[in-house]
Each structure stands twice: as C-alpha cells, then as structure tokens.
Amino acid sequence: MEYDTIIDLPREKLLELVSLYAKNWLAHDGLWFQSIEHELGMDAAMEHDRNAWERFTVIEAKRIKEFLGLPERAGLDGLRRALMFRLYAPLNKAVITIDGNTLTYDVTTCRVQAARARKGMEFHPCKSVGIIEYGGFAKTIDDRFTTECVSCYPDITKPDSNCVWRFTLRDEGETA
C-alpha cells in the first residue's frame, strides 16, 4: 500500500518509521563524530562529543519528561520510563533493574560499538561522554539522582555488557 503522509501510516508502519528515524539519527551522530575523529583525532572528537551531549541530553530529557507527563521529581519509575523513550531506545538492548533507591541500566547490545567493530574500528571510548550524557539525563528527570558508571569502554568491568550505569536517588537531606 502507498502512503502520502505520516498521518496515513498504520501502527506497524509508524513503529517501523520510529526505528528508521532512530537509525538515521544515530548514523548522523556517528558520521559527524567520525569526521572529526579522522580530521583531528579521537581526543578532539571526544571533546566535541562531550560538549554536544552536555546540551543535547538535557533537551532530550526535558522533551521526554513533558511527553510522558512526568512530575518535576519523577523518581526511579520516571527515570525507568524516560530511558525507554530515548532516541536510540529502539536500537539498543538494555535491562533495567530497580533495587531500593537504585536503578541499574545495563546496555547488553550497543549499535554504536557493534558498527565500529563491524568496520574494524577501535571501540568508541564512551565512558567520559556517558558520564555527562547519563548524569545530565537523570538529573533532568529528577535532580536528586547521582550517576555512577559501573562498566563502560574503555573501563569494562562487566564483559557481557557494553555499558552499565547506576542511578541512585538521594534522600531529601543528602547532598550530591
């Protein structure tokens, strides 16, 4: 069947389009990064990546928070829900567990690292970017969160995962 606009698409095609959009966005993100990496080296590419993510992650979190109708301090369940609506959520496989006041986000399959491996490139050293990205995202969802990297390249401590992040919801009186 032929469709003229997004509004005409049935649910199955809309879901397919969401995945396509996520792939397109991730391809663009990777291409600009690789352009800087090839021209100026990994250190410069990482600096620009951290700068971009510092701003983008807050924009993304605010829009998701509004879309989901989350309260100002959305807590663990709000963060769990928001993580599932990130731009790359349809592309990566992740396991989320909540234990007490802690949420663990375990990315078992990462499309970025898989693509770099497939192309014979060194893995993206994403830990320093992830600290900014995940920390900023969680704090935007609820300012009481602290973020800890459990495992992320180049510091892999859990070999069966691409990265693992721990978010702890502080009590009202605790300081970061």
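Residues numbered from 1 in each chain as written. Predicted model: local features only at pLDDT ≥ 70, side-chain atom pairs only at ≥ 80, totals over all residues. Heavy atoms only, no water.

Enquirer: Quick question: what am I supposed to make of the sheet that holds strand S2 (residues 102–109) here?
Expert: To summarise the sheet geometry, strands pair through backbone hydrogen bonds and adopt either a parallel or an antiparallel arrangement. Strand order in this open sheet of four strands is S1-S2-S4-S3, and the pairing throughout is antiparallel. Bordering the open sheet on either side are strand S1 (93–99) and strand S3 (145–152), each of which pairs with just one other strand. This sheet shows a mean twist of 15 degrees between the axes of neighbouring strands, independent of strand direction. Contacts between helix H5 (residues 127–141) and the sheet are confined to S2, S3 and strand S4 (163–169), with S3 contributing the most and set at about 150 degrees to the helix. (Pairing = 2+ DSSP bridges. Helix = DSSP H or I, 4+ residues; strand = E, 2+ residues; numbered from the N terminus. Axes fitted to C-alpha atoms, helices over the stretch in contact; angles between N-to-C directions. Contact = heavy atoms within 4.5 Å.)

Enquirer: Sorry if this is basic, but what is going on with the pairing of S2 here?
Expert: On a regular strand, one side chain projects to one face of the sheet and the next to the other, so that they alternate. Here S2 lies mainly inside the structure; six of its eight residues are buried. As defined by bridge partners, S1 adjoins S2 across seven bridges and the pair is classed as antiparallel. In the sheet register, isoleucine 96 faces S2, and the bridge partner there is tyrosine 105. Taking the residues between adjacent antiparallel strands as the criterion, S1 and S2 are bridged by two residues, where glycine 100 takes a positive phi near 65 degrees. (Buried < 20%, exposed > 50% of the residue type's maximum accessible area, 1.4 Å probe, protein only.)

Enquirer: Explanation requested: unusual backbone geometry in the structure shown.
Expert: Leave glycine aside and you will find that most residues have negative phi; peptide bonds, for their part, are mostly trans. Tyrosine 153 connects to proline 154 through a cis peptide bond whose omega is 15 degrees. Summarising the element assignment, proline 154 is placed in the loop between S3 and S4.

Enquirer: Can you help me understand the confidence of the model for the protein in this one?
Expert: The predicted model of the protein averages 94 in pLDDT, with 98% of residues at 70 or higher. Within the protein, helix H3 (residues 75–83) carries the highest mean pLDDT (98), whereas helix H4 (residues 111–118) carries the lowest (90). (pLDDT = per-residue confidence, 0-100.)

Enquirer: How should the pattern of salt bridges be read in this particular structure?
Expert: Any two side chains of opposite charge can pair if their charged atoms end up close together. As enumerated under the stated definition, the model contains 12 salt bridges in all. Close ionic contact of lysine 127 with aspartate 155 constitutes a salt bridge, the shortest N to O distance being 2.9 Å. Of this pair, lysine 127 sits in helix H5 while aspartate 155 sits in the loop between S3 and S4, and the two are 28 residues apart along the sequence. The class of lysine 127 is partly exposed, set by a relative accessible area of 24%. Close ionic contact of glutamate 148 with arginine 166 constitutes a salt bridge, the shortest N to O distance being 3.2 Å. Here arginine 166 lies in strand S4 and glutamate 148 lies in strand S3, a separation of 18 residues in the sequence. Note on arginine 166: relative accessible area 29%, which makes it partly exposed. Through salt bridges with shared partners, a single network forms among Glu60, Arg86 and Glu133. (Salt bridge = Lys/Arg side-chain N within 4 Å of Asp/Glu carboxyl O.)

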